[in-house]
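# Architecture and fold: a report
One letter stands for each residue in the lines below.
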Amino acid sequence: MFFWILASLAAFYVKGLCGFANTLVFTSIMSFAVANIEISPVELILGLPTNLIISWKERRSIDLKVVLPLAIMVIIGSTVGAFLLKNTDVTVIKIIFGILVIFVGIEMLLRELTKKKSKNSKVLLIIIGILSGFLCGLYGVGALLGAYIGRTTEDTKSFKANICTVFIIENTFRLGLYLFYGILTIDMLKKALLLSPFMLIGLGLGMYSAGKINEMVVKKIVIVLLILSGAVLIFTNIT
């Protein structure tokens, strides 16, 4: 239970601070000991309330022109991802997840260092949306979505508002998929309930820190840790 508590505190501290990456942190910690099919439903139940809290706090910055098209694409991808979560080999999932973490971490780091914004592309929107939905359904990961929204929003409040609103729609839909496929169980619900106080503590500390700490420095540290955790995850599962 120690690692579940540690993962909840760390993941939702990052969520409160940055608005995303909670699933990457949570799954990176828990994947060393638990199968993905046991991790994703618990993190989903914990994550949905945090998206509601942040979206409400930053509700004035929500842009439906950004949210709705991405939400549709994410839902399409989630349908396939949830099915594969139910039927894919655990070792393969962990290796792919490690590669994903490294890829997203490097992309995020390069974007932070160059400070460049890409123009909005409809083709990129569709690709990122569907792939993000696939990854959300399979791993609960929306980091690729974050990489895109980060290019199309001007400030942190707008970023948090829009990405968390997309996550609310995706989380609600994926919750239904998990129930339909029998992935979500009573034991997982109980575990999520036990972890919810630690989730709230982590989220509260992260939101408080967002106004006190240089967010760009913290984000870069998180990115580096994600890249390292992805490399270790690949190595442990290959060997």
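Computed from a prediction, not measured in an experiment: that's the story for all the values here.

Of note in the backbone geometry, Ala-21 takes a positive phi value of approximately 75° without being a glycine. You can see Ala-21 is positioned in the loop between helix H1 (2-18) and helix H2 (22-30). Note on Ala-21: relative accessible area 8%, which makes it buried.

Moving on to the environment of Leu-200. Counting through the fold element by element, Leu-200 comes out in helix H9 (residues 186-210). Classification of Leu-200 as partly exposed rests on a relative accessible area of 46%. Along the primary structure Leu-200 and Phe-12 are separated by 188 residues, whereas in three dimensions their C-alpha atoms are 7.6 Å apart.

This next bit is on the packing of aromatic side chains. Counted according to the given criterion, the structure contains 4 aromatic pairs. Ring geometry for Phe-2 versus Phe-3: centroids 5.5 Å apart, planes at 75°, classification edge-to-face. We classify Phe-2 as exposed; its relative accessible area is 57%. Seen in terms of ring centroids, Phe-20 and Phe-159 are 5.4 Å apart; in terms of plane orientation they differ by 75°. Their pairing is edge-to-face. A residue pair is termed long-range when its members are at least 10 positions apart, and Phe-20 in the loop between H1 and H2 and Phe-159 in helix H8 (residues 156-181) qualify at 139 residues. Given a relative accessible area of 3%, Phe-20 falls into the buried group. We note Arg-59 situated over the ring of Trp-56; from NZ or CZ to the ring centre the distance is 4.0 Å.

Before going further, it helps to examine the packing of H1 against H2. At a minimum axis separation of 8 Å, H1 and H2 run at an interaxial angle of 160°. Considering the angle they form, H1 stands roughly antiparallel to H2. Here H1 runs over H2; the crossing is right-handed. Contacts between H1 and H2 involve Phe-3, Trp-4, Leu-6, Ala-7, Ser-8, Ala-10, Ala-11, Phe-12, Val-14 and Lys-15 on the former and, on the latter, Asn-22, Val-25, Phe-26, Ile-29 and Met-30. Of the residues contributing to the contact of H1 with H2, the split by class is 12 nonpolar, 2 polar and 1 charged.

Before going further, it helps to spend a moment on the pattern of salt bridges. As enumerated under the stated definition, the model contains 3 salt bridges in all. Glu-58 serves as the salt-bridge partner of Lys-57, at 3.2 Å between the closest nitrogen and oxygen. Owing to a relative accessible area of 9%, Glu-58 belongs among the buried residues under this scheme. For the salt bridge of Asp-63 with Lys-65, the shortest nitrogen-to-oxygen distance reads 3.4 Å. Judged by relative accessible area, which is 27%, Asp-63 ranks as partly exposed. The class for Lys-65 is exposed, based on a relative accessible area of 68%.

Rules and cut-offs
- Residues numbered from 1 in each chain as written.
- Predicted model: local features only at pLDDT ≥ 70, side-chain atom pairs only at ≥ 80, totals over all residues.
- Heavy atoms only, no water.
- Helix = DSSP H or I, 4+ residues; strand = E, 2+ residues; numbered from the N terminus.
- Buried < 20%, exposed > 50% of the residue type's maximum accessible area, 1.4 Å probe, protein only.
- Phe/Tyr/Trp six-rings, centres within 6.5 Å; stacked < 30°, edge-to-face > 60°.
- Lys NZ or Arg CZ within 6 Å of the ring centre and 35° of its normal.
- Axes fitted to C-alpha atoms, helices over the stretch in contact; angles between N-to-C directions.
- Parallel < 35°, antiparallel > 145°, perpendicular 65-115°, else oblique.
- Left-handed = near helix turned anticlockwise from the far one by under 90°.
- Contact = heavy atoms within 4.5 Å.
- Nonpolar A, V, L, I, M, F, W, Y, C, P; charged D, E, K, R; others polar.
- Salt bridge = Lys/Arg side-chain N within 4 Å of Asp/Glu carboxyl O.

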